[in-house]
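Structural overview for review
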Amino acid sequence: MHDDFRVIEGEYLRDLLEQPVALQHTLMGLTVSAPLDHLARRLAEGEFRRIVLTGMGSSFHALHPINFDLIQHGFTSIMVETSELLHYATRLLDPTTLIIVVSQSGQSAEVVRLLEINCEANPIIAITNTETSPLALKSAAVILTRAGREFSVSCKTYVCTLLALQWLASVLCQRDPEPARDESQQVPSAVAAYLQHWKEHVALLLEVLKYIRHLFIVGRGASLAAVGTGGLIIKESDHFHAEGMSSAAFRHGPFEMLDQKTFVLVFAGDEKTRDLNARLVEHVRQQGARAEMAGEETSVTAFRLPKHSTAARPILEILPVQMITLALAALAGREAGKFERATKITTTE
């Protein structure tokens, strides 16, 4: 077992280990404000024809679970990256659109530009970590994640955003938000239970990922949040090329790349498509590549999620990917999550 992890024991690891506390802070701050209640009532009364969900990077990927929840409730919900909304989908910005914007800083270039274009014509519900940001100050209703300062790669802010969006979905769908809050009370302890074994997880993954050149993260439904964010943070943390995509999309092209230096992490996900995902793992292995399932019942402890509710799954699913970022950094002998070219806040469009 590898026990010298000094190379990866930096501020990014500190942020990872603070996630349970950050989640608890988010939970403590979730209250239905008067402006949020007013917008939820307007939505229920049919005043808005559609809901546009927007963000960039992990903030965008975090929108997948609420998007499916809103659609299943009967709303017309559309996910659009803020950059594309600005230039190619501005017709969505009419008085019958409710906008939900996610941005941990609340001041990225695309978000600031959206605020300028919108001119407060469309009501915005903001989910942000920064109370004094332009997004927070210019939105009709604000949900603060209260995740605290973050060193580089999104981790605390990402899981707290997922938690806040899950709660927001209950408010907008006119469900009692208190049961959702009570269910979420178990999430910080579940995350802590997984993270307390981080060294064992990383040691195991050092062997799993040795000699791997191509890394894919795939899943379906709400798991697309971890899929998209996973591919992003591995590139960001480790300078290692990884791709996140739907399990179905993986069969349409990337399947041809399979060889012994390719590793595919497949999220088990919801029961309705779990068999399809399990079949993909089997087919990948048949082609001589490495594949493992991430879920409650997997045999590999680093990919085994704590017992959880369906709503909590998207939060827990990112944890094995975070361990992958640490393992790849250890294999490369570099500090995970240390930016060399990027910055925490993207201020150039």
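Up top is the structure these notes are about.
Here is what the cut-offs are and how they apply
- Residues numbered from 1 in each chain as written.
- Predicted model: local features only at pLDDT ≥ 70, side-chain atom pairs only at ≥ 80, totals over all residues.
- Heavy atoms only, no water.
- Buried < 20%, exposed > 50% of the residue type's maximum accessible area, 1.4 Å probe, protein only.
- Helix = DSSP H or I, 4+ residues; strand = E, 2+ residues; numbered from the N terminus.
- Pairing = 2+ DSSP bridges.
- Right-handed = clockwise from strand over helix to strand, strands pointing away.
- Axes fitted to C-alpha atoms, helices over the stretch in contact; angles between N-to-C directions.
- Parallel < 35°, antiparallel > 145°, perpendicular 65-115°, else oblique.
- Left-handed = near helix turned anticlockwise from the far one by under 90°.
- Contact = heavy atoms within 4.5 Å.
- Nonpolar A, V, L, I, M, F, W, Y, C, P; charged D, E, K, R; others polar.

Regarding the pairing of strand β9 (residues 290-294)
Among the 5 residues that make up β9, 4 are buried, leaving the element largely enclosed by the rest of the structure. For strand β8 (residues 262-267) and β9, the ladder comprises 5 bridges, and the chain directions are parallel. Bridge pairing in β9 links Phe-267 to Ala-294. At this point the chain moves from β8, through helix α15 (residues 271-286), to the parallel β9, and the crossover so formed is right-handed.

Focus on the packing of helix α9 (residues 156-172) against helix α16 (residues 313-332)
In a packed pair of helices, the relevant descriptors are the angle between the two axes and the axis-to-axis distance. Between α9 and α16, whose axes approach to 9 Å, the crossing angle comes to 165 degrees. Considering the angle they form, α9 stands roughly antiparallel to α16. Helix-helix and strand crossings are classified by hand; for α9 and α16 the assignment is right-handed. Here Tyr-158, Val-159, Leu-162, Leu-163 and Gln-166 of α9 come into contact with α16, specifically with Pro-314, Ile-315 and Ile-318. Of the residues belonging to the contact of α9 with α16, the class tally is 7 nonpolar, 1 polar and no charged.

Concerning the environment of Ala-169
Looking at the element boundaries, Ala-169 is found in helix α9. Ala-169 sits in the buried class, given a relative accessible area of 1%. Residues Ala-169 and Asn-67, 102 residues apart in the sequence, show an inter-C-alpha distance of 8.8 Å. Leave out the neighbours within four places in its chain, and Ala-169 touches Ile-66, Asp-69 and Arg-175.

Here's the deal with the sheet that holds β8
Spatial ordering of the open sheet is given by β7-β6-β8-β9, a layout of 4 strands whose pairing is parallel. Of all strands in the sheet, those with a lone pairing partner are β7 (242-246) and β9, marking the two edges. Between one strand axis and the next, the sheet turns through 20 degrees on average, direction left out of account. On the sheet, α15 packs against β6 (214-219), β8 and β9 and is oriented at approximately 160 degrees with respect to β9.

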